[in-house]
Structure formats: structure tokens, C-alpha cells
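So the chains spell out like this:
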Amino acid sequence: MTEYDLPSAARHPYTWGNLDTPGHLPEAAAGAMAALGAVPPPASVAVADARVPDSTLPVEAADELAKALGAEHVTSAHDARVEHTRGFSTPDLLKLRAGDASDAPDAVVFPGSHEDVLAVLEICTRHRVAVVPFAGGTSVVGGLAPVRAGFAGVIALDLRRLDRLVSVDEVSRTAVLQAGLRAVDAERLLAEHGLTLGHFPQSFEMASIGGFAAARSAGQASAGYGRFDDMVVGLTVATPRGTVTLGTAPKSAAGPDLRQLVLGSEGAFGVITSVTVRVRPVPAVRVFEAWNFPSFTEGVAALRALAQDGPLPTVLRLSDEMETAVNLSDPSAALAAPGSGGCQVITGYEGGEAAVAATRAAVTERFLALGARSQGTEAGEKWRTGRFRGPYLRDPLLDAGALVETLETVTFWSNLEQLKTAVTEAISGSLAEQGTPGLVMCHISHVYETGASLYFTVVAKQLDDPLAQWAKAKEAANAAIRACGAAISHHHGVGTDHRETLALELGPIAVDMLRAVKASVDPAGVLNPGILIG
Ligand SMILES: Cc1cc2nc3c(=O)[nH]c(=O)nc-3n(C[C@H](O)[C@H](O)[C@H](O)COP(=O)(O)OP(=O)(O)OC[C@H]3O[C@@H](n4cnc5c(N)ncnc54)[C@H](O)[C@@H]3O)c2cc1C
């Protein structure tokens with residue numbers, strides 16, 4: 001099965017992905033968790049038993065919403081409210097597993113058109129009801145848990161009915177996609193035209209087009225296809241003041257590019273109802289290969305060489321010594337001898353046969369000259385076919401009493417290794433101070449001529465209060481990122497979790513610029529209050 005025929009996964013509030021293919025913890029991993037002293041926590045509370053607060057949605061607002069959308073498209077049912085509670089960070093999951101749905105919206109609405117969204121925003125503005133645009137619900141930064149204070153109620157605006165491929169312009173190679181279209185469905189529909197978006201984040205089975213645009217997502221093939229914000233050439237946005245349509249041409253010199261103001265705005269400036277994206281032909285050939293470098297430093301030098309001087313494969317990622325060792329199928333081996341196996345690089349090539357062969361030959365020559373050993377295409381193919389399975393392991397790890405979470409950042413090449421060391425030490429130090437050792441793994445999966453992102457995965461034994469445990473570790477990581485002058489997020493976004501750090505990163509004048517934009521499109525401030533900016 002390839003990414004072009006993966007099924008779209010129904011969303012369970014705290015279990016990842018397709019429920020027909022749940023994750024299982026390999027025996028060795030379970031042993032490693034026991035070695036860490038992890039103790040399985042109490043069983044998760046069933047969705048039906050999760051505790052939701054009484055709804056505060058004014059009756060008039062509920063009636064008007066039902067009239068505008070049809071009563072069948074507005075619900076205050078318990079399970080629907082739980083399903084739209086927060087996102088998919090580990091703290092989000094831990095809270096729901098414990099039955100805490102205190103951030104549940106009062107109601108969920110399902111608009112079927114751009115006009116429906118405008119109507120919802122008009123009604124909510126009049127009744128001072130906060131609106132949370134809800135796409136795939138995979139935010140890991142608190143992007144779906146707005147600040148409730150000062151509002152008469154909160155609704156989740158679920159975009160799943162906006163699920164069409166509207167049009168394809170085969171000459172310009174663009175397609176118009178509605179915002180609620182799930183990524184897997186977008187690929188399937190585009191494949192019928194022989195086209196692909198090429199956007200494959202690890203959340204591919206769950207996330208949606210609107211969420212990618214709103215949170216500036218980056219997929220695993222970003223070296224070849226670019227980030228999602230590179231793909232977007234046009235947007236239609238519903239705001240409380242009306243419609244904004246952006247992108248009359250691919251590039252323009254007519255003033256600032258306002259598309260970039262909407263991309264990454266995380267629902268604070270409006271609801272994206274459709275995007276026009278650049279698409280490419282489905283590749284004729286795909287080859288994935290694994291390599292091994294003696295050290296992270298040598299791997300970084302090789303990635304930088306390709307990013308700066310070319311040629312670039314479509315997928316290019318480097319795991320550090322720990323991540324290479326903690327092939328999660330056998331983490332106990334890694335615990336015994338971390339760092340003994342060098343660092344793995346994955347290269348993936350997609351395109352026409354001749355182009356793939358030429359790029360692959362050039363990269364091979366470069367890598368061999370830089371001290372790499374090929375591990376062959378079988379290992380590369382194994383990575384490709386297993387690449388969406390990683391998140392499925394989080395559920396059984398949590399069941400086993402492990403704390404497992406990720407975070408990411410980005411900086412310039414000259415600062416990259418210093419940043420990696422600082423963040424690793426900050427997280428390890430915080431966990432050790434709290435009395436539990438942890439594994440901190442890192443990889444680079446998005447490269448640019450001037451720098452690269454760092455993605456950290458942390459595994460430790462859950463303490464009695466795992467929420468406080470992770471909050472301390474994350475605070476230490478954020479402080480290290482700040483101290484190194486790196487960005488608080490490369491692709492997860494801001495949400496509520498990174499809002500304060502973003503404000504420090506931008507400074508007060510730039511934050512005021514964002515506030516001014518919000519005030520101009522959303523005078524009552526009903527859109528995602530507290531998300532992105534305070
Ligand atoms: C297991 C896992 C793996 C992940 N892997 C990756 C990865 O590889 N790369 C990556 O970039 N991210 C990744 N993420 C993070 C997440 O998938 C991305 O941020 C994604 O872009 C969110 O898409 P979504 O459709 O789920 O949006 P949601 O989570 O529903 O929404 C994200 C934010 O955007 C707002 N929003 C949603 N839709 C709209 C809209 N139409 N208009 C305006 N605002 C809107 C929401 O209110 C929210 O603030 C991962 C998350 C998980 C849980």
C-alpha cells in the first residue's frame with residue numbers, strides 16, 4: 001500500500017490513526033520500558049465517560065446556527081464535544097485518557113460551504129461566541145484549545161464537509177482544494193488526474209488541507225516538493241467581516257504578499273475555506289535508500305553540502321546516534337549501547353527515470369566522498385513503507401507508562417549543532433532533576449541552503465504527574481531554543497503552547513502588527529482567542 005491508496009482514518013479523540021491497524025509495542029520495547037521503571041497507568045477513561053463541562057452556548061446562538069446550517073449540522077452531543085476537545089499532543093492525550101474533557105467546545109458545527117462559514121462567523125460575532133476552526137484535529141501545540149474567558153461560549157467549526165477537489169488546471173499545474181479535504185483523500189483525488197501534492201507529514205492519515213495551510217506544515221518530502229506554504233498559490237478566507245481572496249497570480253510585486261499572512265495564522269485571522277496549490281505529476285519512479293555516516297557531525301556536513309550545492313533528493317533526513325540506535329523495534333539494545341551504530345541517513349528520489357538516476361548517482365558520489373556507507377535500498381524501502389507507523393507506537397507506549405513526546409525547532413547551519421546539544425542537555429537535565437532518566441533522540445528532516453530543522457523525540461518513565469513532568473522538560477527546551485536564538489517552531493506552529501515564546505521571539509512591535517491584523521478582520525476577537533497571539 002502506498003500513500004496514494006492509504007485509507008482516510010476516522011478520528012478517535014485519543015487513539016492515533018486508523019483504528020483497524022493499531023500500534024503494538026514490540027516485546028523488546030516493552031522490556032526497555034520496564035527497564036526504565038515504567039509502570040502502566042490506570043486504564044484510559046472511555047470517551048462516553050469523559051467529563052465535559054455544562055454547555056454555556058446561548059440558546060439564541062444555538063437556534064440561529066441550526067437555522068443557518070440545518071439542525072443536523074449542529075450538535076451538542078457528548079461524544080462529538082469530546083471528539084473536538086484539544087488536539088494530539090501527549091498532554092492532550094494524557095488529559096483525555098484521564099477523562100478530562102474540560103476544554104470541550106459547547107457545540108460542534110459542520111458548515112457545508114464558504115457561505116455557511118461566513119454565516120457561522122456572523123452569528124458567533126453577534127453573540128460573542130469563540131470559534132475554533134477544526135480540520136484534522138492533529139495540532140500538537142494547543143491550537144484547538146482557545147482561551148474561553150470573556151466569551152459566551154465556544155464552538156468547534158469542523159470543516160469535514162468541505163472535502164472536494166474543486167478544479168484542476170493541468171496547464172498551470174494547480175488545483176483548488178477545499179480546506180476540509182483530508183490529505184489522503186486529496187492525494188487519491190489528484191492521483192486520478194495523474195497528479196500529486198507531494199505533502200506527506202507524519203500526520204498524513206489524519207490531517208487536512210486547511211490545517212496544513214493554517215499551521216505551515218512541512219512534509220517528509222520537503223526537500224523535493226517544498227513545505228506546504230511553498231505549494232500554496234491562492235487562498236479563500238472567510239472572516240467575520242467577509243471574504244478575502246488572495247493569489248491572482250503565482251508571484252506579484254503589488255505590495256506585500258498577504259498569502260503569507262494567512263499561512264500560519266492558525267485560525268486567528270479567518271477560516272481558510274479553500275486553497276489553490278501547485279501540483280506535480282505522480283512520479284514515474286521512486287527509489288529510497290539508507291546510508292550510514294560515522295557521526296552526526298559528518299552527517300550534518302553531508303546534508304549541508306547537498307542543500308547548498310545540490311543535487312537534492314526528494315526526501316533527505318539524518319538521525320542522530322541515539323535515534324539510529326533506538327530503532328524502536330529494539331530500544332533495549334540502544335539502551336545498552338547508545339551511539340555505537342553511527343547515524344542513519346535516508347534519501348528518497350521521486351520523478352522521471354532519467355532524473356532520478358542522475359540525482360541518485362550524483363548524491364552517491366558525494367556521500368561516498370564524504371565517508372558514508374550505503375545500507376541499500378531495502379533499508380530505505382523499509383523506512384518508506386513504515387513511515388506513517390511511528391505515531392501508532394505512542395498509544396502502547398503511554399499504556400506501558402512511558403512519557404513520549406516530540407518537539408522541533410529550526411536554525412542556521414552555523415548554529416545547528418550548538419542548538420542540538422543545548423536542547424538535548426536541557427531536556428535530559430530537566431528529566432534527571434525530576435528523578436527519572438530519559439532518552440532524547442533527534443533528527444534533521446527539512447533542509448535549506450541556509451539551515452535546517454531539528455526534531456526531538458523524548459521517551460522517559462511517566463512520573464505521578466506526567467503533565468507537570470513534561471511541562472518542566474518542555475520549558476527547559478524552550479529556554480534553550482531561545483538562548484540559542486533559534487525559532488520556537490519549524491512546522492508544528494504556535495497554538496497556545498508557544499504563544500509566549502513567539503512574543504519574545506518577535507518583540508512587542510511585531511506582536512502589535514499581528515494584533516492589528518486580527519483587529520481588522522475579527523473586531524470582536526472571536527476567532528481562536530489566545531491562539532497565536534494573546
Ligand atoms: C503524530 C503526529 C505527527 C505529526 N507530523 C507532522 C509532520 O510531519 N509535519 C507537520 O508539519 N506537522 C505534523 N504534525 C502536526 C499537525 O499534523 C500539523 O500541524 C497539521 O498541519 C495540522 O493539520 P490538521 O488538519 O490536523 O489541523 P488542526 O489540528 O485541526 O488545526 C491546526 C490549527 O489550525 C487551525 N485551523 C485548522 N483548519 C483551519 C482553517 N481551515 N482555517 C483556519 N484555521 C484553521 C486550527 O484552529 C488550529 O489552530 C503532526 C502531528 C501529530 C499528532
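If you're wondering where the values come from, they're calculated on a predicted model, not measured in any experiment. (Residues numbered from 1 in each chain as written. Predicted model: local features only at pLDDT ≥ 70, side-chain atom pairs only at ≥ 80, totals over all residues. Heavy atoms only, no water.)

Visitor: How should I be thinking about the pairing of strand β14 (residues 343-351) in this particular structure?
Guide: On a regular strand, one side chain projects to one face of the sheet and the next to the other, so that they alternate. With 8 of its 9 residues buried, β14 lies for the most part within the structure. The pairing of strand β12 (residues 285-293) with β14 spans 9 bridges and is antiparallel. From the neighbouring strand, N292 faces β14, where its bridge partner is Q344. (Buried < 20%, exposed > 50% of the residue type's maximum accessible area, 1.4 Å probe, protein only. Helix = DSSP H or I, 4+ residues; strand = E, 2+ residues; numbered from the N terminus. Pairing = 2+ DSSP bridges.)

Visitor: Just to check I follow, could you spell out the side chain of T409 for this structure?
Guide: Checked against the element boundaries, T409 lands in strand β16 (residues 402-412). Among the residues examined, T409 registers a relative accessible area of 0% and is labelled buried. Polar side-chain contacts of T409 include one of 2.6 Å to the backbone oxygen of A487. Residues within four places of T409 in sequence aside, it is in contact with L419, S453, L454, F456, I481, A486, A487 and H490. (Polar contact = N/O pair within 3.5 Å; in protein donor to acceptor, adjacent residues only side chain to side chain. Contact = heavy atoms within 4.5 Å.)

Visitor: Quick question: what am I supposed to make of the sheet that holds strand β5 (residues 165-169) here?
Guide: Backbone-to-backbone hydrogen bonds join strands into a sheet, with any given pair of strands oriented parallel or antiparallel. A sheet is described by the order of its strands in space; here 5 strands give the open sequence β5-β6-β10-β8-β9, paired in antiparallel fashion. At either end of the open sheet lies a strand with only one pairing partner, and these are β5 and β9 (242-246). Averaged over all pairs of adjacent strands, the angle between strand axes in this sheet comes to 10 degrees, irrespective of strand direction. Pairing between strand β8 (residues 232-239) and strand β10 (residues 271-278): 6 bridges, direction antiparallel. Considered in β10, the bridge of L235 is made with V275. Each of β8, β9 and β10 is contacted by helix α5 (residues 114-127), which is oriented at about 40 degrees to β8, the strand it contacts most. (Axes fitted to C-alpha atoms, helices over the stretch in contact; angles between N-to-C directions.)

Visitor: I tried to follow the nonpolar core on my own but got confused; where do I start?
Guide: Counting residues in each nonpolar core, the largest one holds 75 residues, and the members touching the most others are M33, F367, V423, I427 and I444. Of all the elements, helix α17 (residues 413-433) adds the most residues to this core, at 7 residues. Apart from residues no more than four positions distant in its own chain, I427 is found in contact with L407, V440, V458, A473 and A477. (Core = buried A, V, L, I, M, F, W, Y, C linked by side-chain atoms within 4.5 Å.)

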